[in-house]
Amino acid sequence: MSGRVMPKNQRSNPIPSRQISIVLRNTESQMAEADHQTSPKRTPQEGPLSEIFKELNQMVGLENVKELVHEIYALLQVSQYRTEAGLLSNSHVYHMIFKGNPGTGKTTVARIIARMFHAMGVLSKGHFIEVERADLVGEYIGHTALKTRELMKKAMGGILFIDEAYSLARGGDKDFGKEAIDCLVKGMEDRKNDFILILAGYSEEMEQFLATNPGLPSRFPIQVDFEDYSIEQLIQISEIMAKDREYVLLTQTLAKLKQHLAEEKTASWRAFSNARYVRNLLEKAIRHQAVRLLSQYTVTPAKQELMSIRPEDLKLKK
Ligand SMILES: Nc1ncnc2c1ncn2[C@@H]1O[C@H](COP(=O)(O)OP(=O)(O)OP(=O)(O)O)[C@@H](O)[C@H]1O
Ligand SMILES: [Mg+2]
């Protein structure tokens, strides 16, 4: 903001004369404006971008992800202002690494980011292609480069998301996975800002993957950690998922779910699939509820009954 903005601690100084008072009041209003404009919460209020931010903000937790997306949005917005003002607007590299356990929201967030980049004019199409090792790696010499180049071509103007990307380095130098990595790196250089590459996978494996490919980290300046959800967050997520489907989890159902999640999270911390686990449980409970209702009622059940997921619908294997 302008150099005339004063530090906050000078704002309440006594005002010696009317003239100065006017000057100060003007400065104050500029500061209020500046404060408002630098508020980290400032997001678009209308249009497709506001919808995208609404969707992101409705996701439970993920504070670091929300902050990053806001940062990128601010950067793109200010670049536009700078271009309009005839200033240099440096192009940025947006290739990213997403690190985290299954079901922590990586794919969902990547899809949202694709739409944001499209809405802001960075990506011409904003489509999203999710692939894994088998889609990139071929069976004979030259096949991998062919497959990888083909996928990059398809991803032009959008996001290419490679899940469990560390598996590309699994077989060492002789493996075709290495060829896929080399081909991707070349594509990133040739095509610069035509597409965004996101590599995703478990934190430890991704770190190892980056460490064994020294050329890679600098090509992915944005690295995001997707933390495991807490039990409270998983409960919140399950309530949102139920609400989206026009169901309600009764208080006793929530208590049962909470206890089960605590047990499951400790028993299988590595394999525990966070929000995906909760979604599968809910969908199973919805099926069980349907079976229960059919066997309990000979007439159409009341609306409340059709919506309620009871504890007995939550069938949990011990
Ligand atoms: N923070 C959240 N709030 C609400 N729903 C969420 C949240 N995170 C994930 N979900 C939901 O959980 C499910 C799994 O999320 P997603 O597929 O994005 O996870 P992922 O990290 O890509 O998992 P994987 O590594 O297994 O591919 C989706 O239905 C998604 O909508
Ligand atoms: Mg995923």
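None of these values were measured; they are calculated from a predicted model. (Residues numbered from 1 in each chain as written. Chains lettered and ligands numbered in written order. Predicted model: local features only at pLDDT ≥ 70, side-chain atom pairs only at ≥ 80, totals over all residues.)

## Some details on the overall build of the chain
Here's step 1: For the chain, the helix and strand inventory stands at 12 helices and seven strands.
Here's step 2: Within the chain, buried positions represent 28% of all 318 residues.
Here's step 3: Long-range contacts, defined here as pairs at least 24 residues apart, represent 75% of the contacts in the chain between residues at least 6 apart. (Helix = DSSP H or I, 4+ residues; strand = E, 2+ residues; numbered from the N terminus. Buried ≥ 20, exposed ≤ 12 C-beta atoms within 10 Å, placed from the backbone. Contact = placed C-beta atoms within 7 Å.)

## What about the pairing of strand E4 (residues 196–201)?
Here's step 1: Burial analysis of E4 places six of its six residues in the buried class, the great majority of the element.
Here's step 2: Judged by which residues are buried, E4 turns out to be covered on both faces: Ile196, Ile198 and Ala200 on one side and Leu197, Leu199 and Gly201 on the other are all buried.
Here's step 3: Where strand E1 (residues 96–100) and E4 come together, four bridges link them in parallel fashion. Of the residues in E4, the one forming a bridge with Met96 is Ile198.
Here's step 4: Bridge analysis of strand E3 (residues 159–162) against E4 gives four bridges, and the strand direction is parallel. What sits directly across from Ile162, in E4, is Leu199. (Pairing = 2+ DSSP bridges.)

## Remarks on the sheet that holds E3
Here's step 1: Reading across from one edge, E2-E3-E4-E1-E5 is the order of the five strands in this open sheet, with parallel pairing throughout. The sheet is open, and its two borders are formed by strand E2 (128–131) and strand E5 (222–226), each paired with just one other strand. If you compare each strand with its neighbour and ignore which way they point, the axes differ by 20 degrees on average.
Here's step 2: With respect to the sheet, helix H8 (residues 203–211) is in contact with E1, E4 and E5, its orientation differing from that of E1 by roughly 140 degrees. (Axes fitted to C-alpha atoms, helices over the stretch in contact; angles between N-to-C directions.)

## Focus: the packing of helix H9 (residues 231–244) against helix H10 (residues 251–267)
Two numbers describe a pair of packed helices, the interaxial angle and the distance between the axes.
Here's step 1: One can describe the packing of H9 onto H10 by two numbers: an axis separation of 10 Å at closest approach and a directional angle of 130 degrees. As the angle between them shows, H9 and H10 are arranged oblique. In this structure, H9 crosses over H10, and the sense of that crossing is right-handed. Counted together, Ile231, Leu234, Ile235 and Ser238 of H9 and Leu254, Leu257, Lys258, Leu261, Ala262 and Lys265 of H10 form the full contact between these two elements.
Here's step 2: Tallied by class, residues from the contact of H9 with H10 come to seven nonpolar, one polar and two charged. (Parallel < 35°, antiparallel > 145°, perpendicular 65-115°, else oblique. Left-handed = near helix turned anticlockwise from the far one by under 90°. Nonpolar A, V, L, I, M, F, W, Y, C, P; charged D, E, K, R; others polar.)

The values are spatial; any link to function lies outside them.
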